[in-house]
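Spelled out, the chains give:
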Amino acid sequence: EPEVTQTPSHQVTQMGQEVILRCVPISNHLYFYWYRQILGQKVEFLVSFYNNEISEKSEIFDDQFSVERPDGSNFTLKIRSTKLEDSAMYFCASKSRLAGGPPPDTQYFGPGTRLTVL
Amino acid sequence: AQSVSQHNHHVILSEAASLELGCNYSYGGTVNLFWYVQYPGQHLQLLLKYFSGDPLVKGIKGFEAEFIKSKFSFNLRKPSVQWSDTAEYFCAVNVRYSSASKIIFGSGTRLSIRP
């Protein structure tokens, strides 16, 4: 069964450094998402992406964050200057769209990247 | 704004006990409802989902959930839990027919099963 994959599984960085988290969504999916989960807290929506542009973003997704689909398979989240409070598990998700109908709303999640900012 | 409430933060049960985890959401329109499970050290997995039709939905591993529209609830149930059900359970909602709709998660319920 196709899966969403994410790399790396764990990223450790110094405060102020840039990080890029990578995701490979399921191949025929068209909608892409990033969520994060700070340790002990709930999963929070960051951003959704469709047709090469951001569809929606949360208040968390400020100017330090950006997303990109650089080719036909990868979907990346960049944090320009990491802060201690960016330490979290970051989940990528994707969903497909049925031709001629409303999009099915089942999002499939990747295994996550644990980001630790020191 | 949409929100999801899970009132039980931590539930401890013995094996073979019955389980019911509460979930309420706030949104007046038509929604899709989900339960996700996160086993220790693993990623989110979809347990079950409700889009339309029979309000009693069955998922994997013997779980089921009932959508009660009048109560804005979508409680998760399992008649007899196993030690392997130890995990964090998240109720979630999104707005139906919104093309790129985000998922709103509840705060999660940690389930611990005593062997």
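Residues numbered from 1 in each chain as written. Chains lettered and ligands numbered in written order. Predicted model: local features only at pLDDT ≥ 70, side-chain atom pairs only at ≥ 80, totals over all residues. Heavy atoms only, no water.

(A) Just the overall build of chain A, in detail. Tallying secondary structure elements over chain A gives 0 helices and 11 strands in all. Reading the secondary structure of chain A in the N-to-C direction produces β-β-β-β-β-β-β-β-β-β-β. Here the C-alpha radius of gyration of chain A, 14 Å, is about what a compact globule of 118 residues would show, namely 13 Å. Along the first, second and third principal axes, the C-alpha atoms of chain A reach 45 × 30 × 30 Å. When each of the 118 residues of chain A is scored for burial, the buried share is 46%. Within chain A, contacts between residues at least 6 apart in sequence are counted, and of these 55% link residues at least 24 apart. A total of about 6,000 Å² of accessible surface is found on chain A, and carbon and sulfur atoms cover 47% of it. The averaged location of the 14 negative side-chain charges in chain A is 1 Å from the averaged location of its 11 positive side-chain charges. (Helix = DSSP H or I, 4+ residues; strand = E, 2+ residues; numbered from the N terminus. Rg over C-alpha atoms; globule rule 2.2 N^0.38 Å. Buried < 20%, exposed > 50% of the residue type's maximum accessible area, 1.4 Å probe, protein only. Contact = heavy atoms within 4.5 Å. Areas by Shrake-Rupley, 256 points an atom, 1.4 Å probe, with all protein chains shown as cover. Lys, Arg positive; Asp, Glu negative; His and termini not counted. Charge placed at Lys NZ, Arg CZ, Asp CG, Glu CD.)

(B) Quick peek at the pairing of strand E5 (residues 31–38) of chain B. Residue and element names in this part refer to chain B. Buried residues dominate E5, accounting for 8 of its 8 residues. In E5, alternate side chains face the same way, and those of Val31, Leu33, Trp35 and Val37 on one face and Asn32, Phe34, Tyr36 and Gln38 on the other are all buried. Bridge count for E5 against strand E10 (residues 87–95) is 8 bridges, and the pairing is antiparallel. Following the sheet pairing, Leu33 is matched in E10 by Val93. The antiparallel hairpin formed by E5 and strand E6 (residues 44–50) contains 5 residues in its connecting segment, where Gly41 sits at a positive phi of about 75°. (Pairing = 2+ DSSP bridges.)

(C) Structural view of the nonpolar core. Membership of the largest hydrophobic core comes to 29 residues, with the highest contact counts inside it found for B:Leu33, B:Trp35, B:Leu47, B:Leu48, B:Phe74, B:Leu76 and B:Tyr89. Sorting the residues of this core by element identifies strand E2 (10–14), strand E3 (19–21), E5, E6, strand E8 (64–68), strand E9 (73–78), E10 and strand E12 (109–114) of chain B as the ones contributing at least two each. Within the second largest apolar cluster, 21 residues are counted, among which are A:Cys23, A:Trp34, A:Phe49 and A:Cys92. (Core = buried A, V, L, I, M, F, W, Y, C linked by side-chain atoms within 4.5 Å.)

(D) Looking closely at the environment of A:Glu59. Note on placement: A:Glu59 falls in the loop between strand E6 (53–57) and strand E7 (65–68). Put simply, A:Glu59 and A:Val12 are 47 residues apart on the chain and 24 Å apart in space, counted from C-alpha to C-alpha.

(E) Expanded view of the confidence of the model for chain A. Taken over all residues, the pLDDT of chain A has a mean of 90, while the share at 70 or more is 92%. Taken together, the stretch residues 99–103 of chain A has pLDDT below 50 and engages in 6 contacts with residues farther than four places along the chain or on a different chain. (pLDDT = per-residue confidence, 0-100.)

(F) Structural view of the state of the cysteines. All names here are of chain B. Within this structure, the stated rule accounts for 2 disulfides over all chains. In this model, Cys23 is linked to Cys91 through a disulfide, with the two sulfur atoms separated by 1.9 Å. Measuring handedness by torsion sign, the sulfur bridge of Cys23 and Cys91 sits at about -65° and is left-handed. A residue pair is termed long-range when its members are at least 10 positions apart, and Cys23 in the loop between E3 and strand E4 (24–26) and Cys91 in strand E10 qualify at 68 residues. Taking relative accessible area as the criterion, Cys23 reaches 0% and is therefore assigned buried. When its relative accessible area of 0% is taken as the criterion, Cys91 is described as buried. (Disulfide = S-S within 2.5 Å.)

(G) The pairing of E10(B), seen in detail. Residue and element names in this part refer to chain B. Counting buried positions over the 9 residues of E10 gives 8, a clear majority of the element. For E10 and E12, the ladder comprises 3 bridges, and the chain directions are antiparallel. Considered in E12, the bridge of Tyr89 is made with Thr109. Summarising the sheet, E10 and strand E11 (residues 104–105) pair through 2 bridges and their orientation is antiparallel. For Ala92, the partnering residue across the bridge sits in E11 and is Phe105.

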